[in-house]
Amino acid sequence: MTHHIVLATGNPGKVRELQQLLADADYKISPQSEFDAPEAIEDGLGFVENALIKARSAARHTGLPAIADDSGIAVDALDGAPGIYSARYAGVGASDEQNLNFLLENMRDVDEADRTARFICLMVYVRHAEDPTPIICQGSWEGRLLHEPQGENGFGYDPIFYVPEKGCTSAQLSSEEKNAMSHRGQAIRCLVEHLKNL
């Protein structure tokens, strides 16, 4: 029996990644946009709070179990910024390219040794909108920030996120390689293990 879960995002990149990662499990993932569910207002103070706000909203509007993630890039030289504001770092409605360029601008005078950063993903699953015991999984992916973009794959900050083990940026990895290492890949594998045990 296939379980239907709504994914609390309209981001096609995230939907694609999740479907690839859940390909082996018996789940049908639909984006909340298929149900005309509104975007939740992410006014939490951290990744966990925002993910829960989004998951509960999607479950409430669709009547289905929901998965939501809140993820972003945390840069040490910027005290963890942009963090939960990664998707709107250059302002509300900013494009991936605008956000990336704004980050590069803010990092312009930062020494090579201090360009450490990590992608963080908090992923939650709620059975229904009022679920008192959501499943919460976390992944993080260490890297460094380059001075200019490299690579065509991925989205967001991938073109400037250098992965030392691979000697290239996240945007130069195949989707399979990225999913095997990434913050979102880690979080979804954790979540899939929990879902199998439900």
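I will try to describe carefully the structure that is included in this document.

Conventions and cut-offs
Residues numbered from 1 in each chain as written. Predicted model: local features only at pLDDT ≥ 70, side-chain atom pairs only at ≥ 80, totals over all residues. Heavy atoms only, no water. Buried < 20%, exposed > 50% of the residue type's maximum accessible area, 1.4 Å probe, protein only. Helix = DSSP H or I, 4+ residues; strand = E, 2+ residues; numbered from the N terminus. Pairing = 2+ DSSP bridges. Salt bridge = Lys/Arg side-chain N within 4 Å of Asp/Glu carboxyl O. Polar contact = N/O pair within 3.5 Å; in protein donor to acceptor, adjacent residues only side chain to side chain. Contact = heavy atoms within 4.5 Å. Axes fitted to C-alpha atoms, helices over the stretch in contact; angles between N-to-C directions. Parallel < 35°, antiparallel > 145°, perpendicular 65-115°, else oblique. Left-handed = near helix turned anticlockwise from the far one by under 90°. Disulfide = S-S within 2.5 Å. Right-handed = clockwise from strand over helix to strand, strands pointing away.

**What about the pairing of strand E4 (residues 116–126)?**
Okay, so step 1: Most of E4 is tucked away, with 10 of its 11 residues classed as buried.
Okay, so step 2: Of the pairings in the sheet, the one linking strand E3 (residues 66–75) to E4 comprises 10 bridges and is antiparallel in character. Considered in E4, the bridge of Ile 67 is made with Tyr 125.
Okay, so step 3: Across 10 bridges, E4 lies against strand E5 (residues 135–145) in antiparallel orientation. If you follow Tyr 125 over to E5, its bridge partner there is Ile 135.

**Observations concerning the pattern of salt bridges**
Okay, so step 1: Throughout the structure, instances matching the rule amount to 10 salt bridges.
Okay, so step 2: For Asp 69, the salt bridge identified is with Arg 184, shortest N-O distance 3.3 Å. Separated by 115 residues along the polypeptide, Asp 69 in strand E3 and Arg 184 in helix H5 (residues 183–196) bring together distant segments of the chain. Of the two residues examined, Asp 69 and Arg 184, each falls in the buried class.
Okay, so step 3: Note that Asp 76 is salt-bridged to Arg 118, the shortest N-O span being 3.0 Å. One end of the pair, Asp 76, is in the loop between E3 and helix H3 (96–106); the other, Arg 118, is in strand E4, and 42 residues separate them in sequence.
Okay, so step 4: One network of salt bridges, in which partners are shared, links Glu 42, Lys 54 and Asp 70.

**Details of the side chain of Asp 158**
Okay, so step 1: As for its placement among the helices and strands, Asp 158 is situated in the loop between E5 and strand E6 (161–163).
Okay, so step 2: Among the residues examined, Asp 158 registers a relative accessible area of 2% and is labelled buried.
Okay, so step 3: A distance of 3.0 Å separates the side chain of Asp 158 from the backbone nitrogen of Phe 155, its partner in a polar contact.
Okay, so step 4: Every residue in contact with Asp 158, bar those within four places of it in the chain, is listed here: Phe 119, Asn 153, Thr 169, Ser 170, Ala 171 and Lys 178.

**Things to note about the sheet that holds strand E1 (residues 3–7)**
Okay, so step 1: As summarised here, the arrangement of the seven strands in space is E2-E1-E3-E4-E5-E6-E7, forming an open sheet in which the pairing is mixed. Here the strands that pair on one side only, and so sit at the sheet edges, are strand E2 (27–31) and strand E7 (168–169).

**Observations concerning the packing of helix H1 (residues 12–21) against H5**
Okay, so step 1: At their nearest, the axes of H1 and H5 sit 10 Å apart, and the two run at 50° to each other. Considering their axes alone, H1 and H5 lie oblique with respect to each other. Relative to H5, the crossing made by H1 is right-handed. Residue-level inspection shows Lys 14, Glu 17, Leu 18 and Leu 21 of H1 in contact with H5, the latter providing Arg 184, Gly 185, Ile 188 and Arg 189.

**Considering the state of the cysteines**
Okay, so step 1: For the structure shown, the criterion picks out one disulfide.
Okay, so step 2: Looking at the unpaired Cys 121, the closest cysteine sulfur is the one in Cys 137, lying at 9.2 Å.

**Side note on the pairing of E1**
Okay, so step 1: Sheet topology places E1 next to E2; five bridges connect them, and they run parallel. Within the sheet, the bridge partner assigned to Val 6 lies in E2 and is Ser 30.
Okay, so step 2: Once you follow E1 into H1 and on to E2, the crossover reads as right-handed.
Okay, so step 3: Looking at chain direction, E1 and E3 are connected through two bridges and run parallel. For Val 6, the partnering residue across the bridge sits in E3 and is Ala 66.

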